[in-house]
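Fold and contact review
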Amino acid sequence: GKHLSKMAASCVWGWAGLMFLGLLFFSVGVYSDIEEQVGGFFKSGHTNNWAVLVCTSRFWFNYRHIANTLSVYRSVKRLGIPDSQIILMLADDMACNPRNPRPATVFNNANQHINVYGDDVEVDYRGYEVTVENFIRVLTGRLPPSTPRSKRLLTDDRSNVLVYMTGHGGEGFLKFQDAEEISNVELADAFQQMWQKNRYHELLFMIDTCQAVSMYQKFYSPNVIGIGSAQVGEDSLSHHVDPSIGVYIIDRYTYYLLEFLETVSPDSKKTLADLFRVCPKRVCVSTPGVRTDLFTRNPNTVLITDFFGSVRNVEITAETVTLQRNDTAQTCSGNSCPDSNHGNRRVKLSYADQFPVESAYDEELTKPKWHFSLYFMATLGVFILTVVTVLKL
């Protein structure tokens, strides 16, 4: 009898051990899946989106360039980027031009299905404000103190920035209002200043003009993608004429770009690789170009909404974030301090760093923590129950 009970006990111990190991491996696998999901949650690395949309042409016969810019403006607004994070620069006002047979409208198709001017367009720089100097100042943040927030590019090192430009250009330059031009070297240096001043996380530069790819050939800053509508030596062509207006109303590349963006929704899984194929040579006539060597991520995995939208991941936490009150003495002297005779100090309030990403990450690495998953606890419970049963035998 004793021998049989010992054999039964050893069998039970063996089964208990196998069950414990199996459940342990299962819980480790589940935990690794959770780790991968958490890693994917932050894979884009950016927390906000901005767009700088520039039309550099004026005069009625350049109607199509205004339509180009407003087409992209309409798309990024529809996908979630608010006007407060869009810098729109239009060198002329086609909607109110006396030649416009339909005032307060700008169409990018002869069928007039989409009024890209819309009802709530907010132009930040218009007319003769659209200059090379103002454009560079917007990018680099070197604006006068009196400049309102609506005309500032208030980006940081977690901002994904879309820069779209259209107008008349040539090899290595883009004209501004037929009066001045910006070179590809000046543009490359402006982006480098942005990088050095932590003014972007990733930047998508898109340009629709003749010999467009020459404008990104001099880029040397990290995390930049360049897209151009035509190769060096090629013209970027118009798409079609609206007989009621009498001029070309959109360029080929932007026409097919808008057609593509109309199929994109905020939860779309389309990637930059799909964007690169929007206008093949058979429809564009010119040959679009792409430059990705400065970009660290694989374009096949980068979502369109990382640049054209404003999609946010949300993490729900049970922890309370306490905002610290920052008390600093008032900086004044003499009679300029109204309360100086009473020895009182004004309290200056400011926002605390609610999400100190880098410091919090370093703290998490150094602080010891024990995490027990639900599966591990269940495994441990089954093991303890088995041991208690064996001891009773």
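Residues numbered from 1 in each chain as written. Predicted model: local features only at pLDDT ≥ 70, side-chain atom pairs only at ≥ 80, totals over all residues. Heavy atoms only, no water.

**Structural notes on the state of the cysteines**
Under the counting rule described, the total for this entry stands at 1 disulfide. The disulfide that involves Cys-279 links it to Cys-284, with 1.6 Å between the sulfurs. Residues Cys-279 and Cys-284 are joined through a disulfide that is right-handed, its torsion about the S-S bond being 110 degrees. In this pair, the class of Cys-279 matches that of Cys-284, namely buried. (Disulfide = S-S within 2.5 Å. Buried < 20%, exposed > 50% of the residue type's maximum accessible area, 1.4 Å probe, protein only.)

**Points about the confidence of the model for the protein chain**
Mean pLDDT over the protein chain stands at 80; residues scoring 70 or higher make up 72%. A low-confidence stretch, residues 340–346 (pLDDT under 50), is modelled with 7 contacts involving residues beyond four sequence positions or located in other chains. Within the model, pLDDT remains below 50 along residues 351–361, and this stretch shows 4 contacts once partners closer than five positions in the same chain are excluded. (pLDDT = per-residue confidence, 0-100. Contact = heavy atoms within 4.5 Å.)

**Quick look at the packing of aromatic side chains**
For any pair of aromatic rings, the description consists of the separation of the ring centres together with the inter-plane angle of the planes. All told, the structure shown has 9 aromatic pairs when counted by the stated rule. On the numbers, 5.3 Å between centres and 50 degrees between planes, the contact of Trp-195 with Tyr-200 is tilted. Note on Tyr-200: relative accessible area 2%, which makes it buried. Connected via pairs of aromatic rings, a cluster forms that spans Phe-191, Phe-205 and Phe-219. (Phe/Tyr/Trp six-rings, centres within 6.5 Å; stacked < 30°, edge-to-face > 60°.)

**Comments concerning the sheet that holds strand β5 (residues 169–170)**
Pairing within the open sheet is antiparallel, and its 3 strands lie in the order β5-β6-β7. A single partner strand is all that each edge strand has here, and the edge strands are β5 and β7 (180–183). In terms of strand pairing, strand β6 (residues 173–176) meets β7 through 4 bridges, oriented antiparallel. Residue pairing in the sheet places Lys-175 in a bridge with Glu-181 of β7. (Pairing = 2+ DSSP bridges. Helix = DSSP H or I, 4+ residues; strand = E, 2+ residues; numbered from the N terminus.)

**What to know about the environment of Phe-276**
Structurally, Phe-276 can be placed in the loop between α6 (272–275) and α7 (281–284). It is 7.9 Å that separates the C-alpha atoms of Phe-276 and Ile-227, two residues lying 49 residues apart in sequence.

**Some remarks on the layout of surface pockets**
Counted as a void, the second largest pocket has a volume near 160 Å³. Lining the second largest pocket, in full, are Asn-108, Asn-109, His-113, Ile-114, Tyr-255, Leu-258, Glu-259 and Glu-262. Here the residues of the lining of the second largest pocket are counted per class, giving 3 nonpolar, 3 polar and 2 charged. (1 Å grid on protein atoms, 1.4 Å probe; cavity = no way out; pocket = protein on both sides within 12 Å on 5 of 7 lines; lining within 4 Å. Points joined across faces, edges and corners; volume = space filled by probe spheres on them. Nonpolar A, V, L, I, M, F, W, Y, C, P; charged D, E, K, R; others polar.)

**Some words on empty space enclosed by the protein**
Empty space among the atoms can be located by rolling a probe the size of a water molecule over them. Enumeration according to the criterion identifies 2 cavities of 30 Å³ or more in this entry. Taken as a whole, the largest cavity spans an internal volume of roughly 40 Å³. A per-class count over the lining of the largest cavity returns 1 nonpolar, 5 polar and 3 charged. If you trace the second largest cavity, you find it lined by Leu-90, Asp-92, Asp-93, Tyr-117, Val-123 and Arg-126. A per-class count over the lining of the second largest cavity returns 3 nonpolar, no polar and 3 charged.

**A word on the pattern of salt bridges**
A full pass over the atoms with the stated rule returns 13 salt bridges. With a shortest N-O distance of 3.2 Å, Asp-120 and Lys-77 are connected by a salt bridge. Pair noted here: Asp-120 is in the loop between β2 (86–90) and β3 (125–126) and Lys-77 is in helix α2 (residues 63–78), with a separation of 43 residues, a long-range link. Between Lys-175 and Asp-178 there is a salt bridge, with its nearest N and O atoms 3.1 Å apart. Several salt bridges converge on common partners, so that one network encompasses Lys-77, Asp-83 and Asp-120. (Salt bridge = Lys/Arg side-chain N within 4 Å of Asp/Glu carboxyl O.)

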